[in-house]
Amino acid sequence: SSYALVALTDLSFVASIGLVGAVVAVLSYTAFLVLWLRDRNRRGATLLDCGPHPTKWFFLVLAIVLPLMSLSLISLMVIDASERTAWAFVAPATMLLQGPFFAIMGLGRLQVTELGLWQYWGLLPWAKIDSVNWAPDSTLHIQTKMRFAPLSRGALVVPPEHREAIVGFLAQHGIAPT
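Given the structure is predicted, the values throughout are model-derived calculations rather than measurements. (Residues numbered from 1 in each chain as written. Predicted model: local features only at pLDDT ≥ 70, side-chain atom pairs only at ≥ 80, totals over all residues. Heavy atoms only, no water.)

Caption draft 1: Expanded view of empty space enclosed by the protein. Evaluated as defined, the whole model comprises one cavity of 30 Å³ or more. Each pocket or cavity is described by its volume, and for the largest cavity that value is around 40 Å³. Considering the residues around the largest cavity, the lining is formed by Y29, F32, L33, L97, P100 and F101. Among the elements of the structure, α2 (13-42) and α4 (86-107) are those that each provide at least two residues to the lining of the largest cavity. Split into classes, the residues belonging to the lining of the largest cavity amount to six nonpolar, no polar and no charged. (1 Å grid on protein atoms, 1.4 Å probe; cavity = no way out; pocket = protein on both sides within 12 Å on 5 of 7 lines; lining within 4 Å. Points joined across faces, edges and corners; volume = space filled by probe spheres on them. Helix = DSSP H or I, 4+ residues; strand = E, 2+ residues; numbered from the N terminus. Nonpolar A, V, L, I, M, F, W, Y, C, P; charged D, E, K, R; others polar.)

Following this line, the structure appears as structure tokens:
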């Protein structure tokens, strides 16, 4: 796609890579927000709240710092016209979009809901869980039923006091630890 942009426009190859990257970032963040809203509205009642993400404060700091950095870069472009390149627009746009993304991650909670596990920012339906196993530190390793193998595994840090309750909910849905 970058080669096509070079052929169709006066952009350099490097600038076209930046533009393609920006488009991919916008589409990715848009898809994330749409899926988050959809899943949030369909997850059902919360049966167990296991609390916020262990790195909640890190995510919230990024949710504030990245948009502020973006605004400072934009102000530099307004002041100095020589800084207005394709790359100069990619970084601020990406950082602005990351603000809501990291806010959602930082404010999210690990919850057991009627329809599955709410993993801080997304719903994992019961039917999509293939198998689970526990690490000694109470981390739940999950193998999902997905077509793309590299994305089918994940891990959730479960507070130890909620481990037995999660085992019970998993058992209710026919999912036994391996």
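Caption draft 2: Representation of the pairing of strand β6 (residues 139-144) in the model. Sheet topology note: the strand β5 (residues 129-134)/β6 ladder contains five bridges and is antiparallel. Bridge assignment links V132 to a residue of β6, and that residue is I142. In this antiparallel pair of consecutive strands, β5 and β6, the connection spans four residues, and S138 shows a positive phi of 75°. Looking at chain direction, β6 and strand β7 (residues 153-157) are connected through five bridges and run antiparallel. Paired with T139 across the strands is V157, a residue of β7. (Pairing = 2+ DSSP bridges.)

Caption draft 3: A look at the pattern of salt bridges. Enumeration over the complete set of coordinates arrives at three salt bridges. Close ionic contact of D39 with R38 constitutes a salt bridge, the shortest N to O distance being 2.8 Å. Owing to a relative accessible area of 43%, R38 belongs among the partly exposed residues under this scheme. Across the pair D49 and R109 runs a salt bridge, and its minimum N-O distance is 2.7 Å. Within this pair, whereas D49 is found in strand β1 (residues 46-52), its partner R109 is found in strand β2 (residues 109-113), the two being separated by 60 residues in sequence. When salt bridges with common partners are traced through the structure, they connect R38, D39 and R42 into a single cluster. (Salt bridge = Lys/Arg side-chain N within 4 Å of Asp/Glu carboxyl O. Buried < 20%, exposed > 50% of the residue type's maximum accessible area, 1.4 Å probe, protein only.)

Caption draft 4: Just the nonpolar core, in detail. Counting residues in hydrophobic clusters, the biggest one holds 19 residues, and the most contacted among them are L117, W126, I129, L140, I142, I166 and L170. Of all elements in the fold, only β1, β2, β5, β6 and α5 (163-172) reach the threshold of two or more residues within this core. Of all hydrophobic cores here, the second largest spans seven residues; its members include F59, L62, L66 and F102. (Core = buried A, V, L, I, M, F, W, Y, C linked by side-chain atoms within 4.5 Å.)

Caption draft 5: Here's a closer look at the sheet that holds strand β4 (residues 123-125). Reading across the sheet, the four strands line up as β1-β2-β3-β4 and stay open at both edges, with antiparallel pairing between neighbours. Each edge of the open sheet carries a strand with a single partner, namely β1 and β4. Between one strand and the next, the sheet's axes are offset by a mean angle of 15°, whatever the strand orientation. As paired strands, β1 and β2 are joined by four bridges and run antiparallel to one another. Across the sheet, the residue bridging to P52 is R109, located in β2. Sitting on the sheet, α5 is in contact with β1 and β2, with an inclination near 140° to β1. (Axes fitted to C-alpha atoms, helices over the stretch in contact; angles between N-to-C directions. Contact = heavy atoms within 4.5 Å.)

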